[in-house]
Amino acid sequence: MKKEGVKLIENGKRLDGRGLDELRPIKMEIGVLKRADGSAYVEWGENKIMAACYGPREVHPRHVEEPDRAIVRVRYNMAPFSVPDRKRPGPDRRSVEISKVTKEALEPVVLTHLFPRTVVDIFIEVLQANAGTRCAGITAAALAMADAGIPMRDLVASCAAGKIDGKVALDLMGLEDNYGEADLPVALAPNKKQVTLLQMDGNFTRAEFEEAFEKALGGCLKVYEMQKKTIRKKYEV
Ligand code: ADP
């Protein structure tokens, strides 16, 4: 995965001017789609992501329903125009993987036992991608679920940390992801202090892993504060 030859840190600053502990600029909004029960739009650096949530509603096909709980279904999709070279439309290995880990990141906070034989459907559409879309997608999906009024025991906030030029850095952007050494996306249910996603791409030493994990958790907490502010804003008069 590592491509050589690009200097990612110069005079302590990253290519976009950030320090090692800085997030990209993040904007969040909920209630952006009329048709969905809940929705959210997140801009995270150059990522632009729309999430829609429906449910709890009747399950189709019926044979996947569970008699004692709701199921959570996630579809992560990248628009063909979301990346520099056109992305072939439709599911691929990567989007199937991200849909699966996103579902697993969100499901633990949903009070599924309250709604047997139903489904909570979540759609994540990546309109523009620049690394870290799974984290931004999980963050947007949790907002859309809250907007839909899905009973949840907690929110889920997500953020990654990685390694560039041998240093651990928060929230890698596209070039850093391409030319960096490692990436560690994390999702956190902050009140339960439960990590619901932990993936690793590339290589860390044990000490670097621990540093990256702490940094990513710190990023999740910052994202969580923004999520709360975004939800409150909708109800302010
Ligand atoms: P994440 O978006 O969660 O970091 P990856 O590490 O798999 O997931 O992807 C990193 C980045 O690579 C994406 O955010 C996107 O900018 C880019 N990318 C992913 N798939 C494609 C593709 N098919 N064509 C071009 N760029 C892509």
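Residues numbered from 1 in each chain as written. Predicted model: local features only at pLDDT ≥ 70, side-chain atom pairs only at ≥ 80, totals over all residues. Heavy atoms only, no water.

Another point: the pattern of salt bridges. Applying the stated rule across the entire model yields 24 salt bridges. Close ionic contact of E176 with R18 constitutes a salt bridge, the shortest N to O distance being 3.4 Å. One end of the pair, E176, is in helix 3 (residues 174-179); the other, R18, is in the loop between strand 2 (13-14) and strand 3 (26-30), and 158 residues separate them in sequence. Overall, the relative accessible area of 0% leaves E176 in the buried class. Put simply, E210 and R206 hold a salt bridge, and the shortest N to O gap is 3.2 Å. (Salt bridge = Lys/Arg side-chain N within 4 Å of Asp/Glu carboxyl O. Helix = DSSP H or I, 4+ residues; strand = E, 2+ residues; numbered from the N terminus. Buried < 20%, exposed > 50% of the residue type's maximum accessible area, 1.4 Å probe, protein only.)

Right, let's talk about the sheet that holds strand 3 for a bit. The strand order 3-4-5-7-6 describes an open sheet built from 5 strands, whose pairing is mixed. Each edge of the open sheet carries a strand with a single partner, namely strand 3 and strand 6 (71-78). Neighbour-to-neighbour, the strand axes of the sheet open up by a mean angle of 15 degrees, direction not taken into account. Bridge count between strand 3 and strand 4 (residues 38-44): 5 bridges; the pairing is antiparallel. Paired with I26 across the two strands is W44, which belongs to strand 4. (Pairing = 2+ DSSP bridges. Axes fitted to C-alpha atoms, helices over the stretch in contact; angles between N-to-C directions.)

Time to look at helix 2 (residues 133-148). Two residues of an α-helix separated by three or four positions point the same way, owing to the 3.6 residues in each turn. Helix length check: helix 2 (16 residues) gives 22 Å between terminal C-alpha atoms against 22 Å at 1.5 Å per residue, within 8%. The element helix 2 is extensively covered by neighbouring structure, given that 15 of its 16 residues are classed as buried. One or two residues past the end of helix 2 sits G149, with phi positive at roughly 80 degrees. (Expected span 1.5 Å × (residues − 1).)

For the coordinates displayed, the defined rule picks out 2 aromatic pairs. Measuring from ring centre to ring centre gives 5.9 Å for F209 and F213, while their planes differ by 5 degrees; the resulting arrangement is stacked. Residue F209 and its partner F213 are located together in helix 4 (residues 206-235), separated by 4 residues, close to a single helical turn. (Phe/Tyr/Trp six-rings, centres within 6.5 Å; stacked < 30°, edge-to-face > 60°.)

Let's shift gears to the pairing of strand 9 (residues 167-170). Strand direction decides the pairing type here: strand 8 (residues 157-164) and strand 9, joined by 4 bridges, are antiparallel. Residue pairing across strands places G162 opposite A169, the latter belonging to strand 9. As consecutive antiparallel partners, strand 8 and strand 9 are separated by 2 residues, and within that stretch D165 has a phi angle of approximately 45 degrees, a positive value.

What follows concerns the environment of I122. Relative to the elements of secondary structure, I122 occurs in strand 7 (residues 118-128). With relative accessibility at 0%, the residue I122 sits in the buried group. Linking I122 and K34, residues 88 residues apart in sequence, is a C-alpha distance of 15 Å. Excluding anything up to four places from it in sequence, I122 contacts A52, C53, V72, R73, V74, R75, L106, A141 and M145. (Contact = heavy atoms within 4.5 Å.)

In the neighbourhood of the ligand, the contacting residues comprise M78, V83, K87, R94, A129, N130, A131, G132, T133, R134 and D177. Backbone polar atom of G132 to an oxygen atom of the ligand: 2.7 Å apart, as the coordinates give it. In this structure, T133 approaches the ligand through a side-chain N or O atom, which is 2.5 Å from an oxygen atom. Alone, the ligand offers 540 Å² of accessible surface; in the complex the protein occludes 72% of this. The residue makeup of the shell around the ligand, split by class, is 4 nonpolar, 3 polar and 4 charged. (Near = heavy atom within 4 Å. Polar contact = N/O pair within 3.5 Å; in protein donor to acceptor, adjacent residues only side chain to side chain. Areas by Shrake-Rupley, 256 points an atom, 1.4 Å probe, with all protein chains shown as cover. Nonpolar A, V, L, I, M, F, W, Y, C, P; charged D, E, K, R; others polar.)

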